[in-house]
Amino acid sequence: MIPDSGASSLSSLPSVERLLRHDETAGLIAEFGRSAVTSAIRSVLASLRHELRTDDSTVIPGDIVLILAAGQQLHEGAQPSLRRVFNLTGTVLHTNLGRATLPEEAIQAILLAAREPTNLEFNLLDGRRGERDTHLENDLCRLTGAEAATVVNNNAAAVLLVLNSLANRKEVPASRGELVEIGGSFRMPEIMARSGCRLREVGTTNRTHLSDYEDAIGPKTGLVMKIHTSNYSIVGFTAEVPEASLASLCHERGVPFVVDLGSGTLIDLQKFGLPYEPTPAESIANGADLVTFSGDKLLGGPQSGIIVGRAVLINAIKRNPLKRALRVDKMTIAALSAVLQLYSNPESLHHRLPVLRLLTRRVEDVQALADLLRGPLASKLEGVAAVDSVFCESQVGSGALPTRKIPSAGLSIRPISKKQGSGTVLERIACAFRELPVPVIGRIQDGALIFDLRCLEDETEFAGQLPAFNLLGVRTK
Ligand SMILES: *Cc1c(COP(=O)(O)O)cnc(C)c1O
């Protein structure tokens, strides 16, 4: 039942056709196309119709206002879902924020591979079919000391492919202390099961000995796996078997020894004043037959999973049909190749590779940035929150160097009102920063919003968008 007054209002709604013919609509049609504009107008009219039915006081706006509303809907819908953000979380390799940012060389290589045909799987010497791994294999072998290499979509895929290629329907002994979960979705026991392997847990959570592996290796063993416990560490009364001893045991028994390094940086990070992190080259030198690691963790490249090691094993992996399902695309190859090139000049690496540049940034420089930005931010938040320049600690993230923090500096934003609801004020402030043109993501810690400025490289742009900061009704009292 539609009341009389409502019915007369409803009948005076403009038609879709009339709004489409309006001069103001022409620009929208040119930009978004007739069918998208028609849908947007329909949707604006539908919400207005709903309002008229439920609220007698609703007034029908002019045609221009309706067209503007449709235009706003179209523009909002055209915003890409994937957007740039400022990562001020203090976690340099933040998985939820895309991990490593790429060096300019890699970005240029991606553009070229995207825009033009390439010799991705084409041998320019003999004019025959080639293999996409060839673009990376030489560099990976040179940097790790391995005989051969192959690359897949991420390290989870690398582990899956290694296990399925070499240990399908077989047992895989692994230490109880190393059955890691990465970010909820990658759990070593589950990957083993999905790869068709039977996990054979050896040792205990805190101590695993060589004799535990000796007892576990038998005719059913497909390979022995050692996993770098990248996002936790077991301390106290502990024992693990060194790679070299495990490698000798495996070679005596004739089973492959595989190391999943997780992050796997290609150079000694201690040279840059950073904590020690094992490298694939060390594992290969220790006798590992295969090593798997990520391309977008400490290596600083695109998302990818790298497998290096003995040629016979790598060839078996390449022949697995799953390799085809897990292969990387040309843009990943282009980017990874460009990043590996940078490693041939390690002296300039900490300037050119963003991950290393951010991790090695001097705390004094970050602190200077905090002092510079404190004033403008404080005046924006006057009466709402206190803004202080603070020391804080960054972390590498993505499971690399989990227990080692890197001294850093930033800003602490603490709501003035300590009364009930101050938690909400904090959340609203955080929300207002996320609503900026380039959303700013910090971390909430001990009742304050912390912006770790280690990863802020364009402070002018950051400050430039502060005028758009809108507190959305954040109240002081
Ligand atoms: C991160 C990690 C993985 C998964 O690597 P992705 O590249 O994220 O797929 C596997 N194993 C270890 C030990 C890791 O640290």
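Residues numbered from 1 in each chain as written. Predicted model: local features only at pLDDT ≥ 70, side-chain atom pairs only at ≥ 80, totals over all residues. Heavy atoms only, no water.

S.K.: I keep staring at the pairing of strand β7 (residues 224–227) and nothing clicks. Help me out?
M.R.: As a general feature of sheets, a regular strand has side chains that alternate between the two faces. Side chains of β7 alternate between two faces, with V224 and K226 and M225 and I227 buried alike. For β7 and strand β8 (residues 257–262), the ladder comprises 4 bridges, and the chain directions are parallel. In the strand pairing of β8, K226 is matched with V259. On the question of chirality, the crossover connecting β7 to the parallel β8 by way of helix α11 (residues 243–253) is right-handed. (Buried < 20%, exposed > 50% of the residue type's maximum accessible area, 1.4 Å probe, protein only. Helix = DSSP H or I, 4+ residues; strand = E, 2+ residues; numbered from the N terminus. Pairing = 2+ DSSP bridges. Right-handed = clockwise from strand over helix to strand, strands pointing away.)

S.K.: Even after reading the chapter, I still don't get the nonpolar core, so can you show me in this structure?
M.R.: Core analysis: the largest hydrophobic core is formed by 58 residues, its most contacted members being L299, V308 and Y343. Counting residues per element, this core draws most heavily on helix α15 (residues 330–342), at 8 residues. Counting residues domain by domain, this core receives three or more from each of domain 2 (86–94 + 358–468) and domain 3 (104–350). When residues no more than four places from it in sequence are discounted, the contact partners of Y343 are L143, L266, I267, L298, L299, L349 and L353. (Core = buried A, V, L, I, M, F, W, Y, C linked by side-chain atoms within 4.5 Å. Domains from an automatic or database assignment. Contact = heavy atoms within 4.5 Å.)

S.K.: How do you make sense of the pattern of salt bridges when you look at a structure like this?
M.R.: Pairing between side chains of opposite charge can happen when their charged atoms approach one another. Scanning the entire structure with this criterion turns up 24 salt bridges. A salt bridge links E105 to R352; the nearest nitrogen and oxygen atoms lie 3.2 Å apart. Of this pair, E105 sits in helix α6 (residues 104–115) while R352 is found in helix α16 (residues 349–352), placing the two residues 247 residues apart along the sequence. Residue R352 is classed as partly exposed on the basis of its relative accessible area of 34%. What you see here is one network of salt bridges that share partners, running through E121, R129, R132 and R327. (Salt bridge = Lys/Arg side-chain N within 4 Å of Asp/Glu carboxyl O.)

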